[in-house]
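Take a look at the letters that make up each chain.
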Amino acid sequence: MGKVMTVLGPAPADALGAVTMHEHLHLDQYAETEGATPPDRVALLRDVAIPALRRLHEHGCHTLVDATPMPMRAEPWVYAMLAREAKLHIVLATGFYREAWERESWEYEGCPSYPHRWMDRRVAEWDVEALADLLVQECEQGIRESDVRAGIIKLASTRAAFTPLEEKAFRAGAMAQRRTGLCITTHVEPAMEPLAFPLAQLDLLESAGTDPSRVLLAHVQPHLLRMPGEVRQCLDRGASLCITNLRTDGNESFWRAVVDGIRRFFDDGFGDRLTLGLDWAFDNVAGPFAVCSWMPLPPYVYLFENVLPKWRGWGLTEAEITQMLERNPVRLLPRG
Ligand SMILES: [Zn+2]
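Trainee: Any details on the overall build of the chain? Residues and values, ideally.
Mentor: When helices and strands are tallied, the chain shows 11 helices and 11 strands. Computed over the C-alpha atoms, the radius of gyration of the chain is 18 Å, within 12% of the 20 Å expected from 2.2 N^0.38 for a compact globule of 336 residues. With respect to the principal axes defined by its C-alpha atoms, the chain has extents near 50 × 45 × 45 Å. Expressed as a percentage of the 336 residues in the chain, the buried residues total 47%. Contacts spanning at least 24 positions in sequence make up 79% of the contacts within the chain whose residues lie at least 6 apart.

Below, the structure written as structure tokens:
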């Protein structure tokens, strides 16, 4: 079995346990560049994140994938500190986010205004090769002069048609994927209408030379229900899915339909392409940096303590859960 790159160095793939495949420990939605992480944020992570991260072990979960792109991440030492304190494998992303579009307003008064908001400004300023070099450097040498290395590549787009900068970021990500063999995890926008096409991301990555089996399309829970044929094509072509933002505090008919959709994929032989994550974050999306503004407490363990008990009641089997949380991540996370 291969090794998985964590923030504390390579870990054997058979030590991961259950893996939550899409979370954020520090998401600064309004960062212009990656600077020093403010001490009050570090204190919040120490006080609130660490106890929750420690509790993950009680559920057999020893690994968390942090899918935060630059420049929204904390300083690298913060992740190493959290991993050591919680004795948890943390796989950190390198990569770029999407461009906000005109219908998305800044929600936080007083936040900075800069071009291509949410997209790291280097994507506009550098060429594709230099961006790929940056991603590879973060995977192979370390992030921001540290020895903390990224273990997954994050890319994101909003709509069926990419903006030129999103396309550039995807091409850089594809190039870095080929050089590192790491998995690409994407943000397929789940909330803006019209709904983005996961297939568009896969098409672009494949045309740039990425093996679809190294692509994990995330946040596809609405797509699963509203464009099942397209999602099915992604699976047929070898891509994997990450179903996220799982919650038990409402919209029960939606989540029951998602679970039914997951069970149908298992019946159709695609169970080896499915993974789960909460998309839980310490963030400043809706105000000062605090606990998640879009997912319920408790952080991260909510998946194991709230969501999975309910889903078991809806007929999801232990074998299916083990496949999604343990066996599939072990295939995706080591270098391919
Ligand atoms: Zn996310």
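There's plenty left to go through after this.
Trainee: I'd like a description of the environment of Asp260, backed by residues and values.
Mentor: Looking at the secondary structure, you find Asp260 in helix α9 (residues 252-267). By the C-beta count within 10 Å, which is 15 here, Asp260 ends up partly exposed. Residues Asp260 and Leu225, spaced 35 residues apart in sequence, show a C-alpha to C-alpha distance of 9.9 Å.

Trainee: Residues and numbers for the sheet that holds strand β3 (residues 18-27), please.
Mentor: Ordered in space as β10-β9-β8-β7-β6-β5-β4-β3-β11, the 9 strands form an open sheet in which the pairing is parallel. The two strands at the open ends of the sheet, each matched to only one other strand, are β10 (274-276) and β11 (281-283). Sheet twist, expressed as the average angle between the axes of neighbouring strands with direction ignored, equals 25°. Looking at chain direction, strand β7 (residues 184-188) and strand β8 (residues 215-218) are connected through 4 bridges and run parallel. Across the sheet, Ile184 pairs through a bridge with Val215, a residue of β8. Lying on the sheet, helix α2 (residues 76-86) is in contact with β3 and β5 (89-95); it crosses β5 at an angle near 160°.

Trainee: Provide a residue-level description of helix α5 (residues 164-180), including the pertinent values.
Mentor: With 17 residues, α5 extends 24 Å from end C-alpha to end C-alpha; this agrees with the ideal 24 Å at 1.5 Å per step. Looking at α5, one finds that the buried residues are Glu166, Ala169, Phe170, Arg171, Ala172, Gly173, Ala174, Met175, Ala176, Gln177 and Thr180. Buried residues belonging to α5 abut β5, α3 (121-125), α4 (128-140), β6 (152-157), β7 and α6 (198-207).

Trainee: Pulling in residues and values, what's your account of the nonpolar core?
Mentor: If you look at the biggest cluster of nonpolar residues, it comprises 103 residues, and the most contacted ones within it are Tyr79, Leu82 and Leu217. Those residues in contact with Leu217 that sit more than four places away from it in its chain are Thr186, Val188, Pro198, Gln201, Leu202, Cys234, Ala239 and Leu241.

Trainee: Please provide a residue-by-residue account of the pairing of β8, values included.
Mentor: The alternating pattern of β8 places Val215 and Leu217 on one face and Leu216 and Ala218 on the opposite face, and all of these are buried. The β-α-β motif built from β7, the intervening α6 and the parallel element β8 has right-handed crossover chirality. With 3 bridges joining them, β8 and strand β9 (residues 240-243) adopt parallel strand pairing. Paired with Ala218 across the strands is Cys242, a residue of β9.

The rules behind the values
Residues numbered from 1 in each chain as written. Predicted model: local features only at pLDDT ≥ 70, side-chain atom pairs only at ≥ 80, totals over all residues. Helix = DSSP H or I, 4+ residues; strand = E, 2+ residues; numbered from the N terminus. Rg over C-alpha atoms; globule rule 2.2 N^0.38 Å. Buried ≥ 20, exposed ≤ 12 C-beta atoms within 10 Å, placed from the backbone. Contact = placed C-beta atoms within 7 Å. Pairing = 2+ DSSP bridges. Axes fitted to C-alpha atoms, helices over the stretch in contact; angles between N-to-C directions. Expected span 1.5 Å × (residues − 1). Core = buried A, V, L, I, M, F, W, Y, C linked by C-beta atoms within 7 Å. Right-handed = clockwise from strand over helix to strand, strands pointing away.

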